[in-house]
Amino acid sequence: MPKQSFSHVTQWVFDLDNTLYPPSARLFDQIEVKMTAYVMEALGVDKAKADHLRSHYWREHGTTLAGLMREHDLDPEPYLVAVHDISMEPLEKDAALAANIRNLTGEKIVYTNGSAPYAERVLAARGLSGLFDGVYGVEHADYHPKPERRAFDRVFARAGVIPQQAAMFEDDARNLAAPHQMGMRTVHVAPEPVQAAHIHHHSDDLTGFLAALA
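In this report, the structure presented in the accompanying data block is examined. (Residues numbered from 1 in each chain as written. Predicted model: local features only at pLDDT ≥ 70, side-chain atom pairs only at ≥ 80, totals over all residues. Heavy atoms only, no water.)

Some thoughts on the sheet that holds strand β4 (residues 166-170)
Taken in spatial order, the six strands line up as β3-β2-β1-β4-β5-β6 in an open sheet, and their pairing is parallel. Bordering the open sheet on either side are β3 (134-136) and β6 (201-203), each of which pairs with just one other strand. Direction aside, neighbouring strands of the sheet carry axes that sit 20 degrees apart on average. Sheet topology note: the strand β1 (residues 11-14)/strand β2 (residues 107-111) ladder contains four bridges and is parallel. When the bridges of β2 are listed, Val13 appears paired with Ile109. (Pairing = 2+ DSSP bridges. Helix = DSSP H or I, 4+ residues; strand = E, 2+ residues; numbered from the N terminus. Axes fitted to C-alpha atoms, helices over the stretch in contact; angles between N-to-C directions.)

Thoughts on the side chain of Lys146
Of note, Lys146 is situated in the loop between β3 and α7 (149-159). By relative accessible area, which is 1% here, Lys146 ends up buried. At 2.8 Å, the side chain of Lys146 and the backbone oxygen of Tyr111 are in polar contact. With near-sequence residues (within four places) excluded, Lys146 lies in contact with Asp15, Gly62, Tyr111, Thr112, Asn113, Ala151, Phe152, Met168, Glu170 and Asn175. (Buried < 20%, exposed > 50% of the residue type's maximum accessible area, 1.4 Å probe, protein only. Polar contact = N/O pair within 3.5 Å; in protein donor to acceptor, adjacent residues only side chain to side chain. Contact = heavy atoms within 4.5 Å.)

Quick notes on the packing of helix α1 (residues 27-43) against helix α3 (residues 64-72)
It is the contact of α1 with α3, at a shortest axis distance of 12 Å, that shows an interaxial angle of 10 degrees. When the interaxial angle is binned, α1 and α3 end up roughly parallel. For the pair α1 and α3, the contacting residues are Met35, Val39 and Leu43 in the first and Thr64, Leu68 and His72 in the second. For the contact of α1 with α3, a count of residues per class yields four nonpolar, two polar and no charged. (Parallel < 35°, antiparallel > 145°, perpendicular 65-115°, else oblique. Nonpolar A, V, L, I, M, F, W, Y, C, P; charged D, E, K, R; others polar.)

The values are spatial; any link to function lies outside them.
In structure tokens form, the structure reads like this:
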């Protein structure tokens, strides 16, 4: 992984879930339970149907929330509060990751399909509070989700991100397609690599990857 591949980067954009903490924390197990319960209550369906819709909307619309909004006109704000009301106990502070993020030269932001308040809680639990110049959630994209190009356009306009000078770190490979198209350097952070033209780099160790950029 040539360090010079990032020599032009002055803005660093990080996804949150399964990127700034390891997938082994399994926070999404908690979130999915909350999502299913919310769908059951909101739509008056049983658990099996709610689980199906949750997964179906994620595949078809990018997030379960997007599907609920588009197909059922769901109010997003109560949903975001409810599904992110989870325990942060599985998360541990990571001083090495914090140090390597701090050492990056330039502006650093978090952009998640979750909500910004939820992101702030995760960052605090990981010991990463205060390291980022901005924290952006799906609400800042007018509730349009990654991987949609318009979601990135809206958040990056708010954040002042210049794609040609930026890098994107993301665990969901499909969410790197738009950043690549926009001219960003893309890094897939996941246990297993995905071979795709829109992925420049892969790492299963974000801390180590960032350390190599110093």
